[in-house]
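Observations on the model geometry
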Amino acid sequence: MSKGLVLGLIGLVLAGSVAAGEAIRLQPAQMQALGVATETLAAESGAWRGGLPAKVVVPNAQLRVVATPFPGLVTQLAVAPGMAVQKGQVLARVLAPQAWELQRDLRQAEAQALLGEQNLKRDEQLFAEGLIAEARLQASRSQAAQQRAGLRERQLALKAGGGVGDDGLVLRAPLDGVVLEQMAQVGQRLEAAAPLYRLGQLNPLWLEIQVPASQAAQLAPGTALRLREPAASGRVLQVGRLVDAASQSVPVRAEVRQGAAALSPGQAVEVELALPAVAASWRLPAAALVRHEGQTVVFVAAGEGQFRAQPVQVLEQGGDSVRVGGLSAGATVAVRGVSGLKAIWTGVGRE
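Residues numbered from 1 in each chain as written. Predicted model: local features only at pLDDT ≥ 70, side-chain atom pairs only at ≥ 80, totals over all residues. Heavy atoms only, no water.

1. Observations regarding the overall build of the protein
Using the following cut-off: A run of H or I in DSSP counts as a helix once it spans at least four residues, and a run of E counts as a strand once it spans at least two, with each numbered from the N terminus. Buried means the residue's accessible area, taken with a 1.4 Å probe over protein chains only, is under 20% of the maximum for its type, while exposed means over 50%, and partly exposed covers the values in between. The criterion used for residue contact is that any of the two residues' heavy atoms lie within 4.5 Å. Computed with the Shrake-Rupley method and a 1.4 Å probe, the accessible areas treat only the protein chains shown as cover for residues.
Assigned secondary structure in the protein consists of 6 helices and 24 strands. Out of the 351 residues in the protein, the part that is buried amounts to 36%. Taking the intrachain contacts of the protein between residues at least 6 apart in sequence as the baseline, contacts between residues at least 24 apart amount to 73%. For the protein, the accessible area works out to roughly 19,400 Å², and carbon and sulfur atoms hold 51% of it.

2. Observations concerning the packing of aromatic side chains
For clarity, the cut-off: Centres within 6.5 Å make a pair out of two Phe, Tyr or Trp rings, where for Trp the six-membered ring is used; the pair is then stacked when the planes are under 30 degrees apart, edge-to-face when over 60, and tilted otherwise.
Taken as a whole, this structure holds 1 aromatic pair when the rule is applied. Summarising the aromatic geometry, the rings of Phe-299 and Trp-345 are spaced 5.8 Å apart at their centres and angled 85° between planes, so their arrangement reads as edge-to-face. Of the two residues, Phe-299 sits in strand S20 (residues 295-303) while Trp-345 sits in helix H6 (residues 338-347), which places them 46 residues apart along the sequence. For Phe-299, a relative accessible area of 0% gives the class buried. Look at Trp-345 and you get buried, because its relative accessible area is 9%.

3. With respect to the confidence of the model for the protein
Quick reminder of the rule: Per-residue confidence from the predictor is reported as pLDDT, a score between 0 and 100.
Confidence in the prediction for the protein averages 85 pLDDT; 86% of positions are at 70 or higher. Counting interchain partners and residues more than four positions distant, the pLDDT-below-50 stretch residues 13-19 has 6 contacts.

4. Re the nonpolar core
Where we set the bar: To define a nonpolar core, start from buried Ala, Val, Leu, Ile, Met, Phe, Trp, Tyr and Cys residues and group those joined through side-chain atoms within 4.5 Å.
Leu-207, Ile-209, Leu-225, Val-271 and Leu-273 are the most contacted members of the largest nonpolar core, which totals 24 residues. When residues of this core are traced back to their parent elements, those giving at least two are strand S3 (47-57), strand S13 (205-212), strand S14 (224-227), strand S15 (232-239), strand S16 (249-258) and strand S17 (268-275). The residues contacting Leu-225, other than those within four sequence positions of it, are Trp-48, Leu-207, Ile-209, Ser-233, Gly-234, Arg-235, Val-236, Ala-254, Val-256, Val-271, Glu-272 and Leu-273.

5. Quick look at the pattern of salt bridges
Rules: The salt bridge definition used is simple: a Lys or Arg side-chain nitrogen within 4 Å of an Asp or Glu carboxyl oxygen.
The full count for this structure, using the stated rule, is 9 salt bridges. When the shortest N-O distance is used, the salt bridge between Glu-117 and Arg-148 registers 2.4 Å. Here the residue Glu-117 occupies a position in helix H3 (residues 97-128), and Arg-148 occupies one in helix H4 (residues 134-160), the gap between them amounting to 31 residues. Since its relative accessible area comes to 41%, Arg-148 is described here as partly exposed.

Below, the structure written as structure tokens:
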């Protein structure tokens, strides 16, 4: 410490009648001599934790398997993996004699249901005129209900098959999406319920992320995430509870909407997660802190050229910086020249 600075400090200590707890008052020249520099605190918004491995997957609710409801021979495959399809688009045709039998049964069920409705209307009229017993009307109602149920059953069965044409069973896309996998070949004979295609909607997509257990504790549904290559963003949906014994990581599921078109199912990517800031805390240089009589304090500006000692709580310390609590956003804290302020503070009203 220079001779001039020492004399300045002695003068500050001896000249003041300031009691403990009052502000230290410095002239601009004295602040310059002490090398005092300050920093204004702004609330931290958190930090991005990058380099986390993730895999792109299709949400379960957006996956569909197209299968033949009846055994038969594949006569046409109209699409291939990677192709976009629209709901109702023809995907395949299967020569399935059972489908034609179902279509014939449907026509018969339609005729029977129509006849049953006509008989019911007739009996309702006859009953209203007192010409038949109520038991006969109830029998007609029961028979009509059974015929309607039979018709509905055959309609649903045929709808599940996608429809029947002159060249066989027609299988159609159940949603707008992309063909992810083809599981049959033209000329192949299939059993009932055998799959032909797997389809998926690719927006939004999921990410399965492996996050270190120590950081997973800071995450919650809604936490923001981003990818730099390719550029995309989203949010955390679910934080797992099971820690992998080998990697000590926790599975985290996230959803990506913005930029999902640039991602592909099965793709390996690196994710950055927004770790939340510690509430009401700030990171300061370690040199800004003063320890005295069991207390840790910083010097907070209390006006032009004035500083007051403010106790703080050390929340985290590492390297040349510390995270502290006990301050308010907007406070101006001395971060250099603190040793001189400490000498003045401990020499005024404390001996």
